[in-house]
There are 2 protein chains.
Amino acid sequence: MKISKRGEYALRALIDIGIAQELGRELVQINELAQQERLPIKFLEQILTQLKEAGYVDSKRGKLGGYFLAKPMKKIKFGAVIRLIDGPLAPISCVSVTAYERCTCPDEAHCGLRMLMLDVRNSIAAILDRYTLADTVEVTLRKMRRDKVALPFLGGILRAQLPAPLEFVKQNAKSKRKTK
Amino acid sequence: MKISKRGEYALRALIDIGIAQELGRELVQINELAQQERLPIKFLEQILTQLKEAGYVDSKRGKLGGYFLAKPMKKIKFGAVIRLIDGPLAPISCVSVTAYERCTCPDEAHCGLRMLMLDVRNSIAAILDRYTLADTVEVTLRKMRRDKVALPFLGGILRAQLPAPLEFVKQNAKSKRKTK
DNA sequence: CTTATGTTGACCGCTCCAGTAGACAAAAGA
DNA sequence: TCTTTTGTCTACTGGAGCGGTCAACATAAG
């Protein structure tokens, strides 16, 4: 019942961009995203491209470039994003609403497995199709403030103009190699 | 959020064996299972072996052999079977109860994704860890009887002693080839 | 023109899924 | 005892997809 790393990273990136935006930052660079969540930068890039094609984010190129949300946070539902990246939410495709496919069982109407999995798919969808990026960003920020944790993406636009000490990221990529 | 074919077939097989047992049949042959659900027989065999190792089914060899449940249907929970075959129910492993693993995010306590996925995992587990094979078999049989559908695995032991017209199965295996 | 960013596309190693094949062991019946 | 019918065990495999990496290029700011 897992979602793929690809899907997971997509959601992390969206949430981070959302938080940054909520904190007054209009652009987030891929370096920052990768650093914040400790993700492989090039892989994340592919994912952001996919999110861009689907209209969730947009980007600005060149120096001082970066990514930003292409639609209001209230309109970004997690279910839709996961469907985009990972396919249907349903555990088996004969209970998928958005991508139904017949299965091999002789009689769907009296298939015990189908009844069960339909329940599962509905309760997954009930959550993922209800909550939006706006909800999650709001809750997250509230919790962070309540616990007085340092907020990420501080400093607004100013920080983007700093010399950017990004050695971390490059090191990160290499340090993951194992002694084979 | 899919479960694997392996997991799906395991559940189908268990439900079928359960139905057969409820109808007074104490043994079900793998041929019948494969035929009923139209599954590749040799693949199903591997899965049944795995279910046997885990103590869900047991088997009798030789002529008039077959598979049967090794524990009461009330004690077979779908969640446990899926965990056995497919691993944790949780969409991401940092919200798994049975197989927790730390993720890369800097602060789990304030991770928006984690909060969301914890909800998802709990509502999946609420269903799959609650319902047992007994529940599903009962509901399925009631529906079949209500709609006056022909019951599978009829005839008790008698049928197992018939000459067994199993050409279907062999043909089935070949007919799935596609014109490449 | 330099430098920092995003863009594109090719590539890749590996694992796992889904399934196949074949020889073998046990049990029942002739 | 021999045959037939079942399950058991082991090995293998094609293909897909996951989780990345790399190099070359386009764009924009200073």
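For clarity, every value in this text was computed on a predicted model and none was experimentally measured. (Residues numbered from 1 in each chain as written. Chains lettered and ligands numbered in written order. Predicted model: local features only at pLDDT ≥ 70, side-chain atom pairs only at ≥ 80, totals over all residues. Heavy atoms only, no water.)

J.: Even after reading the chapter, I still don't get the pairing of strand S2 (residues 66-69) of chain A, so can you show me in this structure?
T.: The two faces of the sheet receive side chains in turn, since in a regular strand these alternate between them. Strand direction decides the pairing type here: strand S1 (residues 57-60) of chain A and S2 of chain A, joined by 4 bridges, are antiparallel. Along S2 of chain A, the bridge assignment pairs Lys60 of chain A with Gly66 of chain A. (Pairing = 2+ DSSP bridges. Helix = DSSP H or I, 4+ residues; strand = E, 2+ residues; numbered from the N terminus.)

J.: Explanation requested: the packing of helix H1 (residues 5-22) of chain A against helix H3 (residues 41-53) of chain A in the structure shown.
T.: Relative placement of two packed helices is described by the angle separating their axes and the distance separating the axes. Residue and element names in this part refer to chain A. For the pair H1 and H3, the least separation of the axes is 10 Å and the interaxial angle reads 75°. Accordingly, the angle class assigned to the pair H1 and H3 is roughly perpendicular. Together, Arg6, Tyr9, Ala10, Ala13, Leu14 and Ile17 of H1 and Phe43, Leu44, Gln46, Ile47, Leu48, Gln50 and Leu51 of H3 make up the contact between the two elements. Counted by class, the contact of H1 with H3 contains 10 nonpolar, 2 polar and 1 charged residues. (Axes fitted to C-alpha atoms, helices over the stretch in contact; angles between N-to-C directions. Parallel < 35°, antiparallel > 145°, perpendicular 65-115°, else oblique. Contact = heavy atoms within 4.5 Å. Nonpolar A, V, L, I, M, F, W, Y, C, P; charged D, E, K, R; others polar.)

J.: Teacher, can you tell me more about the interface of chain A and chain B here?
T.: Many analyses report the size of an interface as the accessible area lost when the parts associate. Taken together, the 46 residues of chain A in the interface contact 46 residues of chain B. Where chain A abuts chain B, roughly 4200 Å² becomes buried across the two surfaces, and 65% of that area is made up of carbon and sulfur atoms. Across the contact surface, chain A and chain B share 0 salt bridges. Linking chain A to chain B there are 8 residue pairs in polar contact (both at pLDDT 80 or more). Looking at the side of chain A that touches chain B residue by residue, the class counts come to 29 nonpolar, 8 polar and 9 charged. (Buried area = accessible area lost by both parts, 1.4 Å probe. Salt bridge = Lys/Arg side-chain N within 4 Å of Asp/Glu carboxyl O. Polar contact = N/O pair within 3.5 Å; in protein donor to acceptor, adjacent residues only side chain to side chain.)

J.: Please clarify how the protein's contact with DNA strand C should be interpreted in this entry.
T.: In the vicinity of DNA strand C lie 26 residues, with Glu45, Lys52, Ser59 and Tyr67 of chain A together with Gln46 of chain B positioned nearest. Take Gln46 of chain B: an N or O atom from its side chain is 2.6 Å from a base oxygen of DNA strand C. Measuring from a sugar or linking oxygen of DNA strand C, one finds a side-chain N or O atom of Arg61 of chain B at 3.3 Å. Among the elements of the structure, H3, S1 and S2 of chain A together with helix H1 (5-22) and helix H3 (41-53) of chain B are those that each provide at least two residues to the surface near DNA strand C. Split by residue class, the surface near DNA strand C holds 5 nonpolar, 8 polar and 13 charged. (Near = heavy atom within 4 Å.)

Everything listed is a geometric property; what it means functionally is a separate question.
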